[in-house]
Amino acid sequence: MAEDMAGSILNRAMNGPRLFLGGLAAGLLLLATGIALGHGVLGAEYVRAFASHRAHPVNAITVLENTTLRLAYGFLAVFLYAATRPRFGAGPRTAAFAALILWVAAFLPRHLLLSEFGILDGRQLVLSLSWSVAEVVLATLLGASIYRERPATRPEATST
């Protein structure tokens, strides 16, 4: 029994190259949509409010931090999809489930914090929350469409 379970787990190892490609695609989409939201949709008022709460001016390090965070979210989204896929099956429903896990764990708390600091309020908060759910679901769907499991390996037959 234990050998069967160990063999099943080993045969379900994540496909690293596809995880990387899917995560990169999802991360780049999150990066682009984040820039579009912050600098386009929410506009100058949001940028000013955000900058007024920073300990130091926005610089290259700030841009690098935000880029790294968005890319990491993309990799995490596809990792969550790959991790839940054996239990819930491949497809968009599982991808949406993984996206909602990520959104509740990472995006919702950040939005609530931005609201508490007065950076996002009212219409901007509702718009940003709605946008973030959509962007995380779309990015996870994109990454999930790229991710594929490795082909199952068959145990070699032993001759006796």
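Our subject is the structure listed above.
Residues numbered from 1 in each chain as written. Predicted model: local features only at pLDDT ≥ 70, side-chain atom pairs only at ≥ 80, totals over all residues. Heavy atoms only, no water.

**With respect to the side chain of threonine 84**
Within the element layout of this structure, threonine 84 appears in helix 4 (residues 60-88). In this structure the side chain of threonine 84 is engaged in a polar contact, spanning 2.8 Å, whose partner is the backbone oxygen of leucine 80. For threonine 84, the residues in contact, after removing those within four places along its chain, are Gly89, Thr94, Phe97 and Ala98. (Helix = DSSP H or I, 4+ residues; strand = E, 2+ residues; numbered from the N terminus. Polar contact = N/O pair within 3.5 Å; in protein donor to acceptor, adjacent residues only side chain to side chain. Contact = heavy atoms within 4.5 Å.)

**Observations concerning the pattern of salt bridges**
Under the definition given, this model contains two salt bridges. Across the pair glutamate 135 and arginine 70 runs a salt bridge, and its minimum N-O distance is 3.0 Å. Residue glutamate 135 is found in helix 6 (residues 122-146), and its partner arginine 70 is found in helix 4; the two are separated by 65 residues along the sequence. Across the pair, arginine 70 and glutamate 135 agree in class, each one buried. Between arginine 85 and glutamate 149 there is a salt bridge, with the nearest N and O atoms lying 3.8 Å from each other. Separated by 64 residues along the polypeptide, arginine 85 in helix 4 and glutamate 149 in the segment after helix 6 bring together distant segments of the chain. Here arginine 85 falls in the buried class, since its relative accessible area comes to 17%. (Salt bridge = Lys/Arg side-chain N within 4 Å of Asp/Glu carboxyl O. Buried < 20%, exposed > 50% of the residue type's maximum accessible area, 1.4 Å probe, protein only.)

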